[in-house]
Amino acid sequence: MSALSLSTPILRIKALNLHFDEGRIKALNGVDLDVREGEFVSIAGPSGSGKSSLLNVIGTLDAPTSGELVFRDQPYSKIGDASLFRRENIGFIFQAFYLIPTLSALDNVIVPTIGCDGTADEYKAHAEALLTQLGLRDRLHHFPGKLSGGERQRVAIARSLINRPRMILADEPTGSLDSANAAQVLDILTGIVKEQGLTLIMVTHDATVSARSDRIIRMRDGKIEQGASA
Amino acid sequence: MNLFRFALDNLYRRPARTGLTVSAIALGIAAVVALTSIAWGFEASWQKANDARGTDLIVTKMTSENTMPSPFKAEKVQQTLAGLPHVKEVVGLLSEMLTVSNDAPPVFVFGWVYGSYLWEHLKLVDGRWPASREEPVVVIGALAAEMLHKKTGDQVEIEGRVFQVAGIFESSAVVENGALLMTLDMAQQVTDKPGKVNVLNIKMDADATEADLRSIKEQVKQTLPGFVAITSGELVSKNAVVRISKAMSNATILIAGLVGALVVFNTMLMSINERTREIGILLALGWQRGTIIKLIVSEAVILSVAGGVVGIVMGVGIAWGLEHIELMRGKIDAIFSMPFFFAVMGLSVLLGICGGFYPAFKAARSLPSAALRYE
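Residues numbered from 1 in each chain as written. Chains lettered and ligands numbered in written order. Predicted model: local features only at pLDDT ≥ 70, side-chain atom pairs only at ≥ 80, totals over all residues. Heavy atoms only, no water.

### Comments concerning the overall build of chain A
Part 1 of the reasoning: Along its length, chain A carries eight helices and ten strands.
Part 2 of the reasoning: Dimensions of chain A along its principal axes, counting C-alpha atoms only, are 45 × 40 × 40 Å.
Part 3 of the reasoning: The proportion of buried residues among the 230 residues of chain A is 53%.
Part 4 of the reasoning: Counting only carbon and sulfur atoms, one obtains 48% of the accessible surface of chain A, whose full area is about 9,900 Å².
Part 5 of the reasoning: Looking at chain A, you have 25 positive and 27 negative side-chain charges, and the mean spots of the two groups are 2 Å apart. (Helix = DSSP H or I, 4+ residues; strand = E, 2+ residues; numbered from the N terminus. Buried < 20%, exposed > 50% of the residue type's maximum accessible area, 1.4 Å probe, protein only. Areas by Shrake-Rupley, 256 points an atom, 1.4 Å probe, with all protein chains shown as cover. Lys, Arg positive; Asp, Glu negative; His and termini not counted. Charge placed at Lys NZ, Arg CZ, Asp CG, Glu CD.)

Right under this line is the structure:
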């Protein structure tokens, strides 16, 4: 029995439904899932199977139609301010990076801290440290247009970590990268996640990526076919 | 990186739209600044002229609401006023706007009682004053001399009669600097208004108090039906031209405010529609809805403040230009003050907030997942 399996669940999902168009479209249809603290879970499945929808609901970007979600003993239904919850607990990484093109790499990393209580110097130092750790020390003031795909995704990873979240939600983070860059980004991401004891839930089509996760969840038609329990 | 810098950056990356919006706001603010400063300056320059003469009260026909109140026979009224307590001097004044040169626009021609206190505040810079009440000469304000290209010893033709320029004077009031001055007797002759004046100026003795002024006003009301005794400020504020110019200035403020707010509204609405996905990213990254509202409103306020600053500079320039065109020289004296500029900036900020609030609210209501899917 591994140490991971003994750890407490960071996320518990029961009978989760996400329906659109008055119930005609069932993006999620009765999903049950437990994710443990520090676990790396990959979600695989064909397009339209509900992978990204599940990630969006976990990340409070979408509100479920019904079902129960609990994050560290806090039911989602009791979350007053979803934005604040995201800022304090969740880091997002997207396939298309979603960097702001007119901001430097450093400023892109700092953006999520705008409106937070800390000082600008504090956030700047943290952002520089993260970018340095991700091998972008000499790219701090480069704009996204001057960075390679791998470098952009590393900036996005740094951005997801700036507010010291407990859980990273990554939607096909290597989907836009060539295999060499994909491997490098994955190495960096998994390394940081392990080092900081973070939970990583990653949607991926790539079998080599999901093979590196602690658990693979397979979805189809809005349901989990395999890997629901740790 | 902070919210303000981020807002600035968002505006900087759309230079054409930002420039057009700032220009539109600036035009509105410039119109407000120019018209308001001229309206106030018009009022102030007339009051300054009255105050500079040392007049305590002005008696005129109650129904007169022009810059130059309707002329009336002065003799009986003057005698009644002279008998009131604390009244030191009562002198008539006749004024007309007349053409004195084919090359220049009409100018004010004042007729003042020869030897009265009205002349005392003027500074003679060349020549001499009229030597008697019947001497057919004029003295010219420095600005009028420049506009009419006249100097001491030249001649001017007024209403078909030739007058010699006896001297040139300066006054602290622009309306006097741009005017021609002759004795009241000459003015009555040349305008064919014998014995008539537009107003009677009352100078009180040194012991007179505010209560004495109020008493004179009351006595004029009771003993001279159809006449009214008012201060120069009251006369000017009742003046129809001042009222019209102030009404136009207020209308301009209203229109400029509405147009400015609509311009900001349109710009910000287009901006947030273009940035739907970016707003979704910010929300996904943990930005609170309040922070989104602050960002959009900040951008709107930056636009309007920039428009306000440019508009003030343009408005001052327009007012200065109007003061110096031939038609207006010597008639208006635009006034500016820091409180006025602060008020204009306040108006700019207000229209930024008004124009930016709905787009900000709309952006903040975006559902992050829908915004991220937006193409």
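### Details of the domain arrangement of chain B
Residues and elements named next belong to chain B.
Part 1 of the reasoning: By domain assignment, chain B separates into domain 1 (3-46 + 242-373) and domain 2 (57-230).
Part 2 of the reasoning: Measuring from the centre of the C-alpha atoms in domain 1 to the corresponding centre in domain 2 gives 45 Å.
Part 3 of the reasoning: Residue-level contacts link eleven residues of domain 1 with 14 residues of domain 2.
Part 4 of the reasoning: At the boundary of domain 1 and domain 2, one finds zero salt bridges.
Part 5 of the reasoning: The tally of links between domain 1 and domain 2 comes to zero residue pairs in polar contact (both at pLDDT 80 or more). (Domains from an automatic or database assignment. Contact = heavy atoms within 4.5 Å. Salt bridge = Lys/Arg side-chain N within 4 Å of Asp/Glu carboxyl O. Polar contact = N/O pair within 3.5 Å; in protein donor to acceptor, adjacent residues only side chain to side chain.)

### Some remarks on the side chain of Q188(B)
Residues and elements named next belong to chain B.
Part 1 of the reasoning: For Q188, the position within the fold is in helix 6 (residues 184-190).
Part 2 of the reasoning: The class for Q188 is buried, based on a relative accessible area of 12%.
Part 3 of the reasoning: The residues contacting Q188, other than those within four sequence positions of it, are L94, K193, P194, G195, K196 and V197.

### Brief notes about the pattern of salt bridges
Part 1 of the reasoning: According to the stated counting rule, one finds 22 salt bridges over all chains in the structure shown.
Part 2 of the reasoning: Here the salt bridges do not stand alone but share partners, grouping R13(B), R275(B), E278(B) and E299(B) into one network.

### Section: the packing of helix 11 (residues 289-324) of chain B against helix 12 (residues 338-364) of chain B
Working note: a packed helix pair is described by the angle between its axes plus the distance between those axes.
Residue and element names in this part refer to chain B.
Part 1 of the reasoning: Relative to each other, helix 11 and helix 12 sit at 150 degrees, their axes nearing to 7 Å. Considering the angle they form, helix 11 stands roughly antiparallel to helix 12. You can see that helix 11 and helix 12 cross each other, and the crossing is right-handed.
Part 2 of the reasoning: Grouping the amino acids of the contact of helix 11 with helix 12 by side-chain chemistry returns 22 nonpolar, five polar and one charged. (Axes fitted to C-alpha atoms, helices over the stretch in contact; angles between N-to-C directions. Parallel < 35°, antiparallel > 145°, perpendicular 65-115°, else oblique. Left-handed = near helix turned anticlockwise from the far one by under 90°. Nonpolar A, V, L, I, M, F, W, Y, C, P; charged D, E, K, R; others polar.)

### Considering the pairing of strand 2 (residues 25-36) of chain A
Residues and elements named next belong to chain A.
Part 1 of the reasoning: Note that strand 1 (residues 9-20) and strand 2 share nine bridges and pair antiparallel. Of the residues in strand 2, the one forming a bridge with L16 is V31.
Part 2 of the reasoning: As consecutive antiparallel partners, strand 1 and strand 2 are separated by four residues, and within that stretch D21 has a phi angle of approximately 55 degrees, a positive value. (Pairing = 2+ DSSP bridges.)

### A few points about unusual backbone geometry
Part 1 of the reasoning: Unusually for a residue other than glycine, D73(A) sits at a positive phi of about 70 degrees.
Part 2 of the reasoning: Residues other than glycine seldom take positive phi values, yet E159(B) does so here, at roughly 50 degrees.
Part 3 of the reasoning: Residue classification places E159(B) among the exposed residues on the basis of a relative accessible area of 52%.

### Observations regarding a nonpolar patch on the surface
Residues and elements named next belong to chain B.
Part 1 of the reasoning: A contiguous nonpolar patch, built from L27, V310, M314, I318, L322 and I325 and spanning about 460 Å² of accessible area, is present on the exposed surface.
Part 2 of the reasoning: The element contributing the most residues to the nonpolar patch is helix 11, with four residues.
Part 3 of the reasoning: Note on placement: I318 falls in helix 11. (Patch = residues over 30% accessible without salt bridge, like charges linked within 9 Å, V, L, I, M, F, W, Y side chains within 5 Å.)

### A word on the packing of aromatic side chains
Residue and element names in this part refer to chain B.
Part 1 of the reasoning: Scanning the entire structure with this criterion turns up 16 aromatic pairs over all chains.
Part 2 of the reasoning: The structure contains a cluster of three or more aromatic residues connected by ring pairs, namely F108, F110, W112, W119, W129 and F169.
Part 3 of the reasoning: Directly above the ring of Y117 sits K203, whose terminal nitrogen or CZ lies 5.2 Å from the centroid. (Phe/Tyr/Trp six-rings, centres within 6.5 Å; stacked < 30°, edge-to-face > 60°. Lys NZ or Arg CZ within 6 Å of the ring centre and 35° of its normal.)

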